[in-house]
Amino acid sequence: MKKLLLALLVSLAISSLNAQSVINLTVMGNSYTVTKVFPPEIIGEYTYEGDGGNPKILLKEDGTGYFQPHDVEPVAIKFWIDCEPNGTWRKQVGGTGRYQYTLVIQYQDGGISRNYEYGKYDLLGVMIQPDMGRVSILGERYKPLKN
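### Remarks on the pairing of strand β5 (residues 64-67)
Then, in step 1: By the bridge criterion, 3 bridges tie strand β4 (residues 53-59) to β5 in an arrangement that is antiparallel. Paired with L59 across the bridge in β5 is G65.
Then, in step 2: The turn linking β4 back onto β5 is made up of 4 residues, and G63 within it adopts a positive phi angle of 85°.
Then, in step 3: Relative to strand β6 (residues 75-82), β5 runs antiparallel, the two sharing 4 bridges. Across the sheet, residue Y66 finds its bridge partner in β6, namely A76.

Laid out in structure tokens, this is it:
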């Protein structure tokens, strides 16, 4: 009974922490509730075809990183994860145990193209693929899934 009560209290404390860090952003005319509290499996460096090469994407625990388009230098980003108003991450569940989160990213460097202008928001899907032991972004940039 004590363990159950303790688990419930810890769960409520985490939900409260997540809810406190939820903000609203408007991206392409749509409103999103987002947080900078991330599932640990999405944090890390994603490389082209998982072989360590360019282009890369880096997602750091503090909600910063970079996005590298093909054949250009990386663009610094800030990012958040789409969530419910209480801070629970929204995820789309698919077959074979796969699921996807949606990130809202904001370009920080700009200047290389209208696609990556400073302050512009974009959406980025992160697919967790337990059956393949990896996490992917854009279907071409991978990192190992660590449990």
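### Some words on the nonpolar core
Then, in step 1: Formed by 23 residues in total, the largest nonpolar core has its most connected members in I42, Y46, L59, F79, L103, V126 and I128.
Then, in step 2: Those elements giving two or more residues to this core turn out to be β4, β6, β8 (99-107), β9 (121-129) and β10 (134-137).
Then, in step 3: No other element matches β8, which puts 5 residues into this core.
Then, in step 4: Not counting residues within four places of it along the chain, the set of residues in contact with L59 comprises I42, I43, G44, Y46, T64, I77, F79, L103 and I137.
Then, in step 5: One finds V27, Y32, V34 and W80 within the second-largest nonpolar core, a separate group that totals 6 residues.

### Details of the pattern of salt bridges
Then, in step 1: Under the criterion given, the structure shown has 5 salt bridges.
Then, in step 2: We note a salt bridge from D82 to R90, for which the minimum N-O separation is 2.7 Å.
Then, in step 3: The buried category is assigned to D82, whose relative accessible area is 9%.
Then, in step 4: Since its relative accessible area comes to 29%, R90 is described here as partly exposed.
Then, in step 5: Salt-bridge contacts for R90 lead to E84; the nearest nitrogen and oxygen are separated by 3.3 Å.
Then, in step 6: You can call E84 partly exposed: its relative accessible area is 34%.
Then, in step 7: One continuous salt-bridge network, built from bridges that share partners, spans D82, E84 and R90.

### Focus: unusual backbone geometry
A negative phi angle characterises most non-glycine residues, just as the trans form characterises most peptide bonds.
Then, in step 1: The linkage connecting N54 with the following residue, P55, adopts the cis geometry, with an omega of 0°.
Then, in step 2: Tracing the sequence through the fold places P55 in strand β4.
Then, in step 3: Although it is not a glycine, T96 adopts a positive phi angle of roughly 50°.
Then, in step 4: Residue position: T96 is located in the loop between β7 (92-93) and β8.
Then, in step 5: The exposed category is assigned to T96, whose relative accessible area is 61%.

### Details of the layout of surface pockets
Then, in step 1: Its boundaries defined by the atoms lining it, the largest pocket holds a volume of some 170 Å³.
Then, in step 2: P40, E41, K143, P144 and K146 are the residues nearest the centre of the largest pocket, which is lined by 10 residues in total.
Then, in step 3: For the lining of the largest pocket, the class distribution of residues is 5 nonpolar, 1 polar and 4 charged.

### A closer look at the environment of R134
Then, in step 1: Locating R134 in the fold gives a position in strand β10.
Then, in step 2: Sequence separation between R134 and L145 is 11 residues; the distance between their C-alpha atoms is 4.3 Å.
Then, in step 3: With residues near it in sequence (within four places) discarded, R134 still touches M127, I128, Q129, Y142, K143, P144 and L145.
Then, in step 4: Side chain to side chain, R134 and Q129 meet in a polar contact 2.8 Å long.

Criteria and thresholds
Residues numbered from 1 in each chain as written. Predicted model: local features only at pLDDT ≥ 70, side-chain atom pairs only at ≥ 80, totals over all residues. Heavy atoms only, no water. Pairing = 2+ DSSP bridges. Helix = DSSP H or I, 4+ residues; strand = E, 2+ residues; numbered from the N terminus. Core = buried A, V, L, I, M, F, W, Y, C linked by side-chain atoms within 4.5 Å. Buried < 20%, exposed > 50% of the residue type's maximum accessible area, 1.4 Å probe, protein only. Contact = heavy atoms within 4.5 Å. Salt bridge = Lys/Arg side-chain N within 4 Å of Asp/Glu carboxyl O. 1 Å grid on protein atoms, 1.4 Å probe; cavity = no way out; pocket = protein on both sides within 12 Å on 5 of 7 lines; lining within 4 Å. Points joined across faces, edges and corners; volume = space filled by probe spheres on them. Nonpolar A, V, L, I, M, F, W, Y, C, P; charged D, E, K, R; others polar. Polar contact = N/O pair within 3.5 Å; in protein donor to acceptor, adjacent residues only side chain to side chain.

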